[in-house]
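# Remarks on the overall topology
What follows is each chain in one-letter form.
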Amino acid sequence: LTGAYATLVAPDSCSITAVGVANESTKAVIDKIYNYPAGLMNFTLACGTPGVSVTVEEYYYGTGKAAKDFVARKFTPYNNLYQNLDGAAVTDVAIGGSPAIKLVFSLTDGGPLDNDRVANGTIEDPAGLGVQAQSGVLANTGQTLRSQLFLSLSLSLIGLGLLVASAIKKRKISFR
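A brief report on the enclosed structure follows. Quantities reported herein were computed from a predicted structural model and do not represent experimental measurements.

Okay, the overall build of the protein chain next. Tallying secondary structure elements over the protein chain gives 1 helix and 10 strands in all. Shown N-terminal to C-terminal, the secondary structure of the protein chain runs as helices and strands in the order β-β-β-β-β-β-β-β-β-β-α. A burial count over the protein chain gives 31% of its 176 residues as buried. For the protein chain, restricting intrachain contacts to residue pairs at least 6 apart in sequence, the fraction spanning at least 24 positions comes to 66%. Per element, the accessible surface of the protein chain, about 10,500 Å² overall, is 56% carbon and sulfur.

So, on to the side chain of D125. Within the secondary structure, D125 sits in strand β10 (residues 122-132). Only 2.6 Å separates the side chain of D125 from the side chain of K74, close enough to count as a polar contact. In contact with D125, other than residues within four places in its own chain, are M41, N42, F43, K74, F105, L107, L113 and N115.

It is worth spelling out the packing of aromatic side chains at this point. Under the definition given, this model contains 2 aromatic pairs. Between Y36 and Y82 the ring centres are 5.7 Å apart and the planes differ by 25 degrees, which places this aromatic pair in the stacked class. Of the two residues, Y36 sits in the loop between β3 (34-35) and β4 (40-46) while Y82 sits in strand β7 (residues 81-84), which places them 46 residues apart along the sequence. Classification of Y82 by relative accessible area gives buried; the value is 13%. Where F75 meets Y82, the ring centres are 4.8 Å apart and the plane angle is 45 degrees; that geometry is what we call tilted. Exposure class is identical for F75 and Y82. Each is buried. Counting every residue linked through ring pairs, the aromatic cluster contains Y36, F75 and Y82. Positioned above the aromatic ring of Y78, the side-chain terminus of R117 is 4.0 Å from the ring centre.

This part is about the state of the cysteines. Evaluation of the coordinates by the stated rule reveals 1 disulfide. With a sulfur-sulfur separation of 2.1 Å, C14 is cross-linked through a disulfide to C47. Every disulfide takes its handedness from the sign of the S-S torsion; for C14 and C47 that torsion is 105 degrees, giving right-handed. Pair noted here: C14 is in the loop between β1 (6-9) and β2 (15-22) and C47 is in the loop between β4 and β5 (53-61), with a separation of 33 residues, a long-range link.

Counting 25 residues, the largest nonpolar core has F43, L45, C47, V54, V56, F105 and L107 as the members making the most contacts within it. If you list the elements that add at least two residues to this core, you get β4, β5, β9 (98-108) and β10. Core analysis: the next-biggest nonpolar cluster, separate from the first, contains 5 residues, Y36, L40, F75 and Y82 among them.

Note: β1 against β5, 4 bridges, orientation antiparallel. The residue bridging A6 from the neighbouring strand is Y60, located in β5. The sheet contact formed by β5 and β9 spans 9 bridges and is antiparallel. Paired with E58 across the bridge in β9 is L103.

Direction of pairing for strand β8 (residues 89-95) relative to β9: antiparallel, over a ladder of 7 bridges. Paired with A94 across the two strands is P99, which belongs to β9.

Once that is clear, we can look at the sheet that holds β9. Whenever strands of a sheet pair, they do so through backbone hydrogen bonds, lying parallel or antiparallel. Here we have 4 strands laid out as an open sheet, ordered β1-β5-β9-β8, and antiparallel in their pairing. Edge positions in the sheet fall to β1 and β8, since each of these pairs with one other strand and no more. Along the sheet, successive strands turn relative to each other by an average axial angle of 25 degrees, direction set aside.

What counts, and at which threshold
- Residues numbered from 1 in each chain as written.
- Predicted model: local features only at pLDDT ≥ 70, side-chain atom pairs only at ≥ 80, totals over all residues.
- Heavy atoms only, no water.
- Helix = DSSP H or I, 4+ residues; strand = E, 2+ residues; numbered from the N terminus.
- Buried < 20%, exposed > 50% of the residue type's maximum accessible area, 1.4 Å probe, protein only.
- Contact = heavy atoms within 4.5 Å.
- Areas by Shrake-Rupley, 256 points an atom, 1.4 Å probe, with all protein chains shown as cover.
- Polar contact = N/O pair within 3.5 Å; in protein donor to acceptor, adjacent residues only side chain to side chain.
- Phe/Tyr/Trp six-rings, centres within 6.5 Å; stacked < 30°, edge-to-face > 60°.
- Lys NZ or Arg CZ within 6 Å of the ring centre and 35° of its normal.
- Disulfide = S-S within 2.5 Å.
- Core = buried A, V, L, I, M, F, W, Y, C linked by side-chain atoms within 4.5 Å.
- Pairing = 2+ DSSP bridges.
- Axes fitted to C-alpha atoms, helices over the stretch in contact; angles between N-to-C directions.

Below, the structure is given as C-alpha cells:
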C-alpha cells in the first residue's frame with residue numbers, strides 16, 4: 001500500500017457504517033492479473049431501502065500514477081473472483097491542489113456487486129484500482145513468463161526423451 005489517504009463518498013441517503021483500505025493479501029485469493037498498489041477499499045453502507053441503487057466515489061491520493069494506468073476492479077468473496085467494474089469511471093482530479101485518482105461506480109443492494117447479495121438495505125463492497133501486472137512478470141510470483149515457458153518446454157523435452165528411450169528398449173532394432 002502507498003500509505004497515502006483514501007476517501008469514500010456515499011449518497012446522503014446512506015450512512016457509511018464501515019470503511020477501510022486493505023492489501024490484496026488479506027483476501028482469500030490473490031489476483032494473478034492485477035496488482036492493487038493503493039489496496040482495495042472495503043466499505044459497508046446502510047441505506048435503509050432494500051434493493052436501492054447508489055453511486056459511490058472513491059478517491060486515492062499519492063498513487064504516483066495517472067488514471068489511465070488503472071482499471072476499476074472488484075473482489076467478490078462469495079465466489080473468490082476478481083472482476084472489472086463495468087461502467088465505472090477512473091479519472092484524474094485535483095483536491096485542494098493535490099492530485100488524486102477518482103473512481104466512480106454504481107451498486108445495487110442485493111445485486112451481484114453487493115457482497116451479502118441480499119436486498120436488505122445494506123451494501124457491502126471491496127473495490128479499488130487495479131494496475132495490470134508488469135509485462136512479462138506474473139503478479140505476486142516474480143517469475144517471468146519466459147522462465148515459465150522455458151521450464152515447461154524443458155520438462156516436455158525430457159518427457160519426450162524418456163518416452164522414446166522406453167520405446168527403443170522395448171523393440172529390438174537391427175540394422176544391416
